[in-house]
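Now for the letters of each chain:
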Amino acid sequence: MKEEIRRAIAYAAGTRINASAGSSIYRHERGRHSHMTPTYDYDAGAHVSRTGGGLYHYGTSSHVSFSATGRNFSGYDYESGHHYTGRVSGRSVQLYDYGEGRYFSYSV
């Protein structure tokens, strides 16, 4: 899965589950903040829309399904053809990308 998609999923999960939207997301592996809102990814220079059952990232023309239960979330990235799952704990978001076979850590 592309980083732009992972970042959008992690941001959506953190803001939806915590019921508050910040203005950035931090990726721990890269040690970098990215400016984001619920409708725009400033690093990618593209809109992100939330659909009934997912997200659409206009910068990558990618649709992902998304569902959340409690603090857990999961879905499917139609572009890469892989599932993902994750958990929100406070401001921390951990996403497992089955295509990459590893976890990615963010803070929102």
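Up top is the structure these notes are about.
Procedures and definitions
- Residues numbered from 1 in each chain as written.
- Predicted model: local features only at pLDDT ≥ 70, side-chain atom pairs only at ≥ 80, totals over all residues.
- Heavy atoms only, no water.
- Helix = DSSP H or I, 4+ residues; strand = E, 2+ residues; numbered from the N terminus.
- Expected span 1.5 Å × (residues − 1).
- Buried < 20%, exposed > 50% of the residue type's maximum accessible area, 1.4 Å probe, protein only.
- Pairing = 2+ DSSP bridges.
- Salt bridge = Lys/Arg side-chain N within 4 Å of Asp/Glu carboxyl O.

Student: With reference to specific residues and values, describe helix 1 (residues 3-18).
Tutor: For helix 1, spanning 16 residues, the distance from its first C-alpha to its last is 22 Å, which sits close to the expected 22 Å at 1.5 Å a residue. By the criterion of burial, helix 1 is predominantly enclosed, with 13 of the 16 residues buried. Looking one or two residues beyond helix 1, the residue adopting positive phi is Ala19, at roughly 55°.

Student: Explain the pairing of strand 11 (residues 102-107) to me, and be specific about the residues and the numbers.
Tutor: Pairing of strand 1 (residues 24-27) with strand 11 involves 2 bridges; the strand directions are antiparallel. Counted as the bridge partner of Tyr26 is Ser107 from strand 11. Of the strand pairs in this sheet, strand 10 (residues 92-97) and strand 11 are connected by 6 bridges, and their pairing is antiparallel. When the bridges of strand 11 are listed, Gln94 appears paired with Ser105. Counted along the chain from strand 10 to the antiparallel partner strand 11, the turn is 4 residues long, and its residue Gly101 has a positive phi close to 70°.

Student: Please set out the pattern of salt bridges residue by residue, giving values where relevant.
Tutor: If you walk through the whole model with that rule in mind, you get 7 salt bridges. A salt bridge links Arg7 to Asp41; the shortest N-O distance between them is 2.8 Å. With Arg7 in helix 1 and Asp41 in strand 3 (residues 40-41), this residue pair connects regions lying 34 residues apart in the sequence. Both residues of the pair, Arg7 and Asp41, count as buried. For Arg27, the salt bridge goes to Glu29, with nearest N and O atoms at 3.3 Å. On the basis of relative accessibility, which here comes to 38%, the residue Glu29 falls in the partly exposed class. One continuous salt-bridge network, built from bridges that share partners, spans Glu3, Arg6, Arg27, Glu29 and Asp97.

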